[in-house]
Amino acid sequence: MISVSSFMARIRQPLTEGWGYIWGKYGQVWTEAEQKRSTRDMTVRYGKKWIGKRVCDCSGLIRYAYTQNGLEINHSSQAQWESHCSRKGKLENGFRADGEELKIGTAMFQETVGKPGHMHHVGVYAGSGRVIEAMGTINGVTHSNTGDGWTHWGELKQVDYTGWEGLEEKTVETVKKGSKGISVMQLQEDLSILGYSGLLIDGVAGTDTVQAIKAFQRDHGLEADGIAGVLTWAAIEDALKVRKGEPAETEQDALDRALQALDEAREAILLAMGKAGR
């Protein structure tokens with residue numbers, strides 16, 4: 001299972017980083033060689049703007065979030081609708097037809113006109129009436145509103161929606177060496193609570209703060225670049241929740257975590273070799 005906060009961190013990452021759209025992709029960097037070989041009309045016409053950038057298509061956005069959390073999902077909006085939703089239903093004017101509230105992390109689908117049950121597009125509800133989607137080759141990964149053609153909703157089977165109410169989309173300020181302000185102070189406080197001691201909580205990201213960020217990133221399987229962006233902030237939030245409500249990690253927990261890391265590495269190798277199912 002994926003926590004909804006971890007899932008949404010990976011869904012928001014492409015939006016924050018300005019990913020492009022290329023059909024069939026789920027996080028790879030688009031190359032000039034691939035652009036020259038492409039035959040799809042929209043890719044030929046507009047794909048050049050995404051050379052050197054990471055790209056995905058609509059269902060690939062969700063697949064990326066799954067693979068980065070050690071799981072797999074079909075790379076197809078139709079298959080995601082048919083096989084990967086534990087609960088689903090219709091939307092009316094951007095709201096659930098059954099009157100219940102849309103949960104952040106819910107998959108949002110667009111049904112093909114004249115083809116009941118055929119879903120040709122998918123995005124993810126991010127809160128505040130907005131959907132994150134890979135819109136097309138012209139726009140890349142962007143926002144839309146729940147009333148912009150979305151016809152159906154589906155809660156994904158492998159996402160744990162516990163705590164979704166606290167995940168309303170908000171601007172995340174990146175903290176790096178030299179950053180100053182309230183966000184830096186909050187980061188310093190959070191890292192101190194999590195046991196990264198010796199930090200002066202002064203709102204200035206100096207060498208000690210950067211080293212603490214790197215240590216936290218290493219401890220949580222992130223790239224240790226010393227820059228606190230959307231993924232690091234999400235991991236800090238998860239770590240704070242664990243600290244508040246769950247016991248310290250046991251030796252068995254550590255072993256299980258190591259085995260999970262090995263499983264994730266194996267899955268990544270299989271994906272790279274093209275042997276994992278789509």
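Look above for the structure.
Presented here is an overview of the structure given in this document.

Right, let's get into the overall build of the protein. A count of helices and strands for the protein gives 9 helices and 12 strands. Here the protein, with 278 residues, has 46% of them falling under the buried criterion. Of all intrachain contacts in the protein linking residues separated by at least 6 positions in sequence, the fraction that spans at least 24 positions is 63%. Only carbon and sulfur atoms are counted for the fraction: they give 51% of the accessible area of the protein, which is about 14600 Å².

Counted under the stated rule, the structure contains 0 disulfides. Cysteine Cys-56 shares no disulfide, and the gap to the nearest cysteine sulfur, in Cys-58, comes to 8.7 Å.

Another aspect to go through is the nonpolar core. Among soluble globular proteins, nonpolar side chains are generally buried collectively. Counting 40 residues, the largest nonpolar core has Phe-7, Met-8, Ile-11, Ile-62, Tyr-66, Met-108 and Leu-156 as the members making the most contacts within it. Listed by contribution, the elements that provide at least two residues to this core are helix H1 (4–17), helix H4 (58–67), strand S5 (85–92), strand S7 (107–111), strand S8 (119–127), strand S9 (130–134) and strand S11 (152–156). In terms of residues, this core owes the most to one element, H4, which gives 6 residues. Contacts of Ile-62, omitting those with residues within four sequence positions, involve Phe-7, Ile-11, Ile-73, Gln-80, Ala-107, Val-122, Gly-123, Val-124 and Leu-156. Residues Leu-187, Tyr-196, Ala-205 and Trp-233 belong to the second largest nonpolar core, which totals 23 residues.

Another point: the packing of helix H6 (residues 182–193) against helix H7 (residues 207–219). For the pair H6 and H7, the least separation of the axes is 11 Å and the interaxial angle reads 55°. By the angle class used here, H6 and H7 are oblique. Judged by the sense of rotation from one axis to the other, the crossing of H6 with H7 is left-handed. Contacts between H6 and H7 involve Leu-187, Gln-188 and Leu-191 from the first element and Thr-209, Ala-212, Ile-213 and Phe-216 from the second. Among the residues making up the contact of H6 with H7, the classes are represented as 5 nonpolar, 2 polar and no charged.

Criteria and cut-off values
Residues numbered from 1 in each chain as written. Predicted model: local features only at pLDDT ≥ 70, side-chain atom pairs only at ≥ 80, totals over all residues. Heavy atoms only, no water. Helix = DSSP H or I, 4+ residues; strand = E, 2+ residues; numbered from the N terminus. Buried < 20%, exposed > 50% of the residue type's maximum accessible area, 1.4 Å probe, protein only. Contact = heavy atoms within 4.5 Å. Areas by Shrake-Rupley, 256 points an atom, 1.4 Å probe, with all protein chains shown as cover. Disulfide = S-S within 2.5 Å. Core = buried A, V, L, I, M, F, W, Y, C linked by side-chain atoms within 4.5 Å. Axes fitted to C-alpha atoms, helices over the stretch in contact; angles between N-to-C directions. Parallel < 35°, antiparallel > 145°, perpendicular 65-115°, else oblique. Left-handed = near helix turned anticlockwise from the far one by under 90°. Nonpolar A, V, L, I, M, F, W, Y, C, P; charged D, E, K, R; others polar.

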